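If you want the building blocks of each chain, they are given just below.
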Amino acid sequence: MIFEKSDLGSIVLKNKILRSATHEGLADEYGYPTEALIKKYEVLAKNDVGCIITGFAAVMQNGKSSSLNMLMIHNNSFIAPYARMTQKIHEYQTPIILQIVHCGRQTRSKITGLPTVAPSAIRNKSFNEEIPHELTEDEIYDVIGNFVHAIVRAREAGFDGVQLHIAHGFLLSDFLSSYSNKRKDKWGGSTENKFRIIKEIFSQAKQVVGNYPILVKLNTHDNRKGGMAMAESVEIAKMLEKEGCAGIEVSCGTHEDGLYTIRGKKLPLDAVFKYSFHYKSFSPLIRSIAKFIVPLITKKIKPYENYNVEYSKELKKHVKIPVIAVGGIKSIDDINKIISEGMADFVSMCRPFIIEPNIVKKFKDRSQTKSKCIDCNYCGIAVEEIPLKCYLGKI
């Protein structure tokens, strides 16, 4: 069942295990894919991954991440370089989906060269250098147009589909969340109003690209007061299905939640002090004190594995389109249970592919039944400044 060809909308997957979108820091300084990135995806394709979802690509300059060398897709000059990448991956009969995003208030003007923007002028506690500019209606339509243009470019570049990032506290996610969207106009308030920007993206894109697959990554919960919760995410999922969404990847959390999206038993404080722009300037004394105190006062977020599965199971009850579970999924036995018991139609993994790009092949031949990843999360912190890699045995 797991290793049979499967349809995700009109996309034919090798199997039911996807590589979830993972920021690699392997674009060049302008956001074009590099040979190193293509080779990384080629290794995944050679080793039987069912489908690759790329690291996120920004649709506008002011939506660029502050992390190292993010992919971009904000003008037509990106079509040909991406086409080279998709052609290489398709040689292995592996589909590849481009994740597109606007980082909203989860970036820095120092990096983008432009003011940060958001649905409402609310400072992000993880990027607390500035209060973001509240988008005007004209600017919202400009964002919508840039997402639509990015979808068209992705299709022309040969991607099998796109995934809208509407999770993790980025711009579209911030529109959906009452924690970050305090607007009183038609873009805020009710769930229908908060969803309007995403509805417009789907509506306008479908007029141009027809049935080209548009998936989403959706938060079903976070750790913010007034943020996303299961009941509202079910209503949003129904709206997505109505708009022609090809599939929903179920995720959680925002940057302000800390390690809510990627969880682990131990806080990666060494990585935080070495690579995070907020904390790298701390003195050795403050670091040593923090290493002692922070673990004592920080509430550990549990569970550490399969932590979105109960949410994907609930969401699946309400929609007919494919549902993808992500988050702490690490073993073939868990994958078999999730799929066979109808908790999700597909699973996706991030960190297991960082340490073992051939993990699907190992699962398939039963030479290994669980990822070697220990969830140290050093990889997720360090990629703010250096390209993605696993640090197991090096820290």
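Note that the structure is predicted; figures quoted are calculated from it, not measured.

Q: Residue-level account of the environment of Leu98, with values.
A: Counting through the fold element by element, Leu98 comes out in strand E7 (residues 96–101). Its relative accessible area of 0% is what places Leu98 among the buried residues. Spatially, the C-alpha atoms of Leu98 and Ala154 are 6.9 Å apart, while their sequence positions differ by 56 residues. When neighbours within four sequence positions are excluded, Leu98 is seen to be in contact with Thr54, Ala57, Ile73, Tyr82, Ala154, Phe159, Gly161, Val162 and Gln163.

Q: How would you explain the packing of aromatic side chains if you had to name every residue and give the values?
A: By the definition in use, this model includes nine aromatic pairs. Taking 5.5 Å as the distance between ring centres and 65 degrees as the angle between the ring planes, the aromatic pair formed by Tyr82 and Phe159 counts as edge-to-face. Separated by 77 residues along the polypeptide, Tyr82 in helix H2 (residues 79–90) and Phe159 in the loop between helix H4 (137–156) and strand E10 (161–166) bring together distant segments of the chain. Across the pair, Phe159 and Tyr82 agree in class, each one buried. A connected cluster of aromatic rings, assembled from ring pairs, spans Tyr32, Phe78, Tyr82 and Phe159. One cation-aromatic arrangement involves Arg224 over Tyr179; the distance from NZ or CZ to the ring centre is 5.5 Å. Taking the ring centre of Tyr307 as reference, the NZ or CZ of Arg263 above it sits at 4.2 Å.

Q: Outline the pairing of E7, listing residues and values.
A: Among the six residues in E7, six count as buried, and that is most of the element. A two-sided burial pattern is seen for E7, the buried positions comprising Ile96, Leu98 and Ile100 on one face and Ile97, Gln99 and Val101 on the other. Two elements, strand E4 (residues 51–53) and E7, share two bridges in a ladder whose sense is parallel. What sits directly across from Ile53, in E7, is Ile97.

Q: Can you tell me about the nonpolar core, naming the residues and giving the values?
A: If you look at the biggest cluster of nonpolar residues, it comprises 92 residues, and the most contacted ones within it are Tyr82, Ile151, Leu164, Leu240, Ile248 and Ile335. When residues in this core are grouped by element, the largest group, nine residues, is from H4. Setting aside residues up to four positions removed in sequence, Ile248 forms contacts with Val216, Leu218, Ala237, Leu240, Leu315, Ile321, Pro322, Val323 and Ile324.

Q: If you had to explain a nonpolar patch on the surface to someone new, which residues and values would you point to?
A: A surface patch of nonpolar side chains, amounting to about 410 Å² of accessible area, comprises Leu285, Ile289, Phe292 and Ile293. Here Ile293 is to be found in helix H9 (residues 284–297). Under the relative-accessibility criterion, Ile293 is labelled partly exposed at 37%.

Q: Quick rundown of unusual backbone geometry? Include the residues and the values.
A: In the segment running from Lys302 into Pro303, the intervening peptide bond is cis, with an omega of 0 degrees. Relative to the helices and strands, Pro303 resides in the loop between H9 and helix H10 (309–316). Unlike most non-glycine residues, Asn69 shows phi in positive territory, near 45 degrees. By the secondary structure assignment, Asn69 is in the loop between strand E5 (57–58) and strand E6 (71–72). Positive phi, close to 55 degrees, is recorded for Asn306, a residue that is not glycine. Looking at the element boundaries, Asn306 is found in the loop between H9 and H10.

Q: Residues and numbers for the side chain of Arg224, please.
A: Checked against the element boundaries, Arg224 lands in the loop between strand E11 (214–221) and helix H7 (230–242). When its relative accessible area of 18% is taken as the criterion, Arg224 is described as buried. When neighbours within four sequence positions are excluded, Arg224 is seen to be in contact with Tyr179, Thr254, Glu256 and Asp257.

Q: Tell me about the packing of helix H6 (residues 191–209) against H7, and please be specific about residues and values.
A: Running from N to C, H6 and H7 point in directions that differ by 30 degrees, and their axes come no closer than 11 Å. Compared by their axis directions, H6 and H7 come out roughly parallel. You can see that H6 and H7 cross each other, and the crossing is right-handed. Side by side, H6 and H7 meet where Thr191, Glu192, Lys194, Phe195, Ile198 and Phe202 of the first sit next to Glu232, Ile236, Met239 and Leu240 of the second. For the contact of H6 with H7, a count of residues per class yields six nonpolar, one polar and three charged.

Q: Tell me about the side chain of Ser276, residues and numbers included.
A: Tracing the backbone shows Ser276 in the loop between helix H8 (269–275) and H9. Discounting chain neighbours no more than four positions away, the residues touching Ser276 are Ala271 and Glu384.

Q: Residues and numbers for H4, please.
A: With 20 residues, H4 should reach 28 Å at 1.5 Å per residue; the first-to-last C-alpha distance of 29 Å fits that figure. Residues of H4 that are buried: Ile140, Val143, Ile144, Gly145, Asn146, Phe147, Val148, Ala150, Ile151, Val152, Arg153 and Ala154. Residues of H4 that are buried sit in contact with H2, E7, E10, helix H5 (171–176), H6 and E11. Positive backbone phi, approximately 95 degrees, marks Gly158, located one or two places after H4.

Q: Outline the pattern of salt bridges, supporting the account with residue identities and numerical values.
A: In total, this model carries 21 salt bridges according to the counting rule given. Across the salt bridge formed by Glu235 and Lys238, the nearest N and O atoms sit 3.6 Å from each other. Here Lys238 and Glu235 lie together in helix H7, a separation of three residues that amounts to about one turn. Counted as one network, the salt bridges with shared partners bring together Glu305, Lys330, Arg351, Lys370 and Asp375.

Reading the values: the criteria
Residues numbered from 1 in each chain as written. Predicted model: local features only at pLDDT ≥ 70, side-chain atom pairs only at ≥ 80, totals over all residues. Heavy atoms only, no water. Helix = DSSP H or I, 4+ residues; strand = E, 2+ residues; numbered from the N terminus. Buried < 20%, exposed > 50% of the residue type's maximum accessible area, 1.4 Å probe, protein only. Contact = heavy atoms within 4.5 Å. Phe/Tyr/Trp six-rings, centres within 6.5 Å; stacked < 30°, edge-to-face > 60°. Lys NZ or Arg CZ within 6 Å of the ring centre and 35° of its normal. Pairing = 2+ DSSP bridges. Core = buried A, V, L, I, M, F, W, Y, C linked by side-chain atoms within 4.5 Å. Patch = residues over 30% accessible without salt bridge, like charges linked within 9 Å, V, L, I, M, F, W, Y side chains within 5 Å. Areas by Shrake-Rupley, 256 points an atom, 1.4 Å probe, with all protein chains shown as cover. Salt bridge = Lys/Arg side-chain N within 4 Å of Asp/Glu carboxyl O. Axes fitted to C-alpha atoms, helices over the stretch in contact; angles between N-to-C directions. Parallel < 35°, antiparallel > 145°, perpendicular 65-115°, else oblique. Left-handed = near helix turned anticlockwise from the far one by under 90°. Nonpolar A, V, L, I, M, F, W, Y, C, P; charged D, E, K, R; others polar. Expected span 1.5 Å × (residues − 1).

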